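Below are the chains, spelled out letter by letter.
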Amino acid sequence: MNELNPSAITIESEGRDDRPSVASQRSRRDRSARRVFSVITLLPIFLIVVITLALVARSWPILSAYPLKDLILGNIWKPDDKLFGFWPFIMGTFWVTIVGVLLAVPPCILVAIYLTEYAHSLTRSTAKPILDLLAAIPPVVYGVWGLLAIVPFVDQVLAPFSERWLNNIPLFTVNQPTGFGILAGGIVLAVMIAPLIVSVLYEIFTTVPNDLRHASLAVGATRWQTIRSVVLPQVMPGIVAAVVLGASRALGETIAVLMVVGNVAKVPTSIFDAAYPLPALIANNYGDMMSIPLYDAALLCAALVLLVVILIFNILSTLVLQRMLERKWA
Amino acid sequence: MGMKKNRWQRRHLVEAFMQLLMRLSLVVVAGSLGLILWTIIVRGLPALTWDMITQSPKGGFYMGKGGGVLNAILGSLYLAGGGTLLALIFSLPIALYLKTYLGDSKWGRYVRLSLDVLWGIPSIVYGAFGFTLMLAIGLRASLLAGIIVLALVELPIMTRAMDEVIRRMPADLEQAALALGSTRFEVALRVITRQMLPGIVTAVLLAFGRGIGDAASVLFTAGYTDRIPTSLMRPTASLPLAVFFQLGTPYPEVQQRGYASALLLTIIVLLVSFGSRWISGYLNKYTIK
């Protein structure tokens with residue numbers, strides 16, 4: 001190769017110059033794109049860590065000034081007197097979420113079963129856009145609906161009914177007749193989380209192989225017997241995960257709940273009582289939080305509590321669901 | 001014999017009863033959508049005037065005087081538009097990287113898990129985080145801050161929705177392109193992105209719809225003003241907060257306009273939702289079946 005005459009080399013290198021350089025340019029671009037993409041792909045994991053750390057750092061002043069027990073179990077919230085007890089808000093969040101989930105889960109399971117096991121494909125293809133639209137409606141619109149329809153409904157129908165028939169049962173006592181309260185918040189939440197629960201359950205139910213259903217139907221079981229004794233046992237962990245996922249969505253819902261729940265910082269004793277959930281606390285007081293010492297730390301601590309509970313709920317349910325859905329593709 | 005017959009009847013009764021319950025549940029769920037739309041339309045339509053969508057609030061607007069919510073409509077479009085654009089810059093590479101390099105590997109699973117977890121974080125927490133971020137970098141409540149926080153809210157929604165369609169792409173297209181000597185980057189850019197364009201557009205519009213309706217995250221970060229936003233550094237109004245603040249006043253006329261604003265927001269969200277169906281159906285004509 002060295003013996004070749006110089007002019008030939010230049011010609012040849014001119015000819016070769018193009019091709020290898022295009023290829024190497026392409027592979028170089030591929031490598032650098034890969035590097036950039038891989039860094040961007042780590043962004044979600046990075047974000048979770050940063051959000052958690054930032055909230056821990058900002059709520060550190062209050063976490064270090066008071067014992068955790070006093071913060072969580074404290075009953076009195078008076079930022080002016082430096083009293084920061086989260087217990088009424090934690091209980092408010094808990095009750096609104098529980099009522100919402102309890103109202104949503106039974107119909108959602110039935111709807112998901114109906115759509116997978118019974119429904120005509122036409123019903124299925126109309127149900128999907130309806131659920132999509134329900135999921136697309138903004139929280140504040142749910143709030144307006146709650147204010148205009150649900151609060152009066154609770155006030156004029158459910159509360160009188162409960163007063164007449166259920167007044168001796170502890171959780172159903174009507175103490176304040178306005179309609180604003182846990183039940184109104186729970187009903188609004190139930191409708192808000194329904195599309196999520198139904199669509200997750202639908203995905204889960206379709207992972208059950210048809211052979212199992214056919215075997216059960218072939219020996220004479222009715223369709224409901226098949227569902228109860230063949231399908232449901234297969235998907236039980238998925239149902240639990242879907243419910244937990246729905247609950248975690250309900251826990252953090254802010255505006256819609258805030259508009260109908262009454263916002264009274266007292267531990268509720270009945271589903272007709274007003275409550276003051278954590279997200280509402282944060283949203284209502286963000287304006288003054290820089291004016292009182294420790295107030296901003298307390299509110300960001302509320303956000304941290306919410307975040308930690310939701311992270312745990314979400315990670316557990318997502319792990320279960322991922323495992324169940326993989327079965328379908330396996 | 002008699003007992004057998006009895007049991008036979010009972011399980012069929014149960015069957016019929018359960019089917020009835022299921023149909024009822026479906027009616028309740030679908031009916032609640034109808035109820036919501038009905039309530040918003042009936043209460044919002046009377047106050048929905050031309051002024052509402054063509055004017056900004058005038059003096060005394062929150063006491064029942066003239067004006068409209070143009071500031072909030074434009075503010076929301078800017079916020080959600082900017083947030084969606086910013087989220088897209090990150091979510092398309094993530095979705096493509098998940099498909100072309102990670103697939104169903106261990107890291108792929110971690111990233112998907114983290115996206116699902118991010119999706120579940122409530123927007124009020126994003127708002128609180130955005131607020132601490134603003135304090136840290138010295139940014140005031142502004143359009144820019146709102147856009148950044150909305151991008152965070154939208155990122156997991158958009159990425160996961162894209163990922164769901166992209167991972168279902170038939171493997172043979174990708175393999176054919178690789179066999180012809182394409183690099184993976186070229187496959188991602190020229191094959192996957194084009195073939196999956198309808199799904200990508202749907203994901204983007206889904207995230208946009210979610211962003212434009214979100215109130216809790218912009219409450220902290222975008223502020224509120226009666227002026228139409230002119231700069232990234234100025235605060236901006238948004239439609240969800242316009243609804244919220246108008247309902248917070250004691251004046252019935254203003255509350256009426258709050259219902260009308262809620263109707264406007266609903267109309268925008270429904271248009272985005274139907275639009276995404278139409279566009280993806282249209283684009284589907286240009287993909288390889």
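Residues numbered from 1 in each chain as written. Chains lettered and ligands numbered in written order. Predicted model: local features only at pLDDT ≥ 70, side-chain atom pairs only at ≥ 80, totals over all residues.

> Summarise the overall build of chain A; cite the residues concerned and give the values.
In terms of helices and strands, chain A carries twelve helices and two strands. The linear arrangement of helices and strands in chain A, starting from the amino end, is α-α-α-β-β-α-α-α-α-α-α-α-α-α. Scaling as 2.2 N^0.38, a compact globule of 330 residues should have a C-alpha radius of gyration of about 20 Å, whereas chain A reaches 28 Å, well beyond that. If you line up chain A on its principal axes, its C-alpha atoms span 110 × 70 × 35 Å. Counting across all 330 residues of chain A, residues that qualify as buried make up 45%. In chain A, the proportion of contacts linking residues at least 24 apart, taken out of those at least 6 apart, comes to 78%. (Helix = DSSP H or I, 4+ residues; strand = E, 2+ residues; numbered from the N terminus. Rg over C-alpha atoms; globule rule 2.2 N^0.38 Å. Buried ≥ 20, exposed ≤ 12 C-beta atoms within 10 Å, placed from the backbone. Contact = placed C-beta atoms within 7 Å.)

> Give me the lowdown on the environment of B:Y251, citing residues and values where you can.
All names here are of chain B. Relative to the helices and strands, Y251 resides in the loop between α11 (239–248) and α12 (252–283). The sequence separation of Y251 and M63 amounts to 188 residues, and the corresponding C-alpha distance is 6.3 Å. In this structure, Y251 is in contact with M63 and G64, ignoring residues within four places of it in sequence.

> Mind laying out the interface of chain A and chain B, listing which residues take part and the relevant values?
At the junction of the two partners, chain A supplies 67 residues and chain B supplies 68 residues. Residue classes in the side of chain A that touches chain B are distributed as 47 nonpolar, eleven polar and nine charged. (Nonpolar A, V, L, I, M, F, W, Y, C, P; charged D, E, K, R; others polar.)

> If you had to explain unusual backbone geometry to someone new, which residues and values would you point to?
With glycine set apart, most residues show a phi of negative sign, and most peptide bonds adopt trans. All names here are of chain A. The phi dihedral of K82 falls on the positive side, at around 60 degrees, and the residue is not glycine. Its location among the elements puts K82 in the loop between β1 (77–78) and β2 (83–84). According to the C-beta neighbour criterion, K82 is partly exposed, with 14 such atoms within 10 Å. A positive phi angle, near 55 degrees, is found at N263, a position not held by glycine. By the element assignment, N263 lies in the loop between α10 (255–260) and α11 (278–285). With 18 C-beta atoms counted inside 10 Å, the residue N263 sits in the partly exposed group.

> Could you give an account of the environment of B:A177, with specific residues and numbers?
All names here are of chain B. One can find A177 in helix α7 (residues 171–179). Its 19 C-beta neighbours within 10 Å are what place A177 among the partly exposed residues. Separated by 34 residues in sequence, A177 and G211 place their C-alpha atoms 36 Å apart. With sequence-adjacent residues up to four places away left out, A177 is seen in contact with S182, V187 and V191.

Shape is all these values report; function is a separate question.
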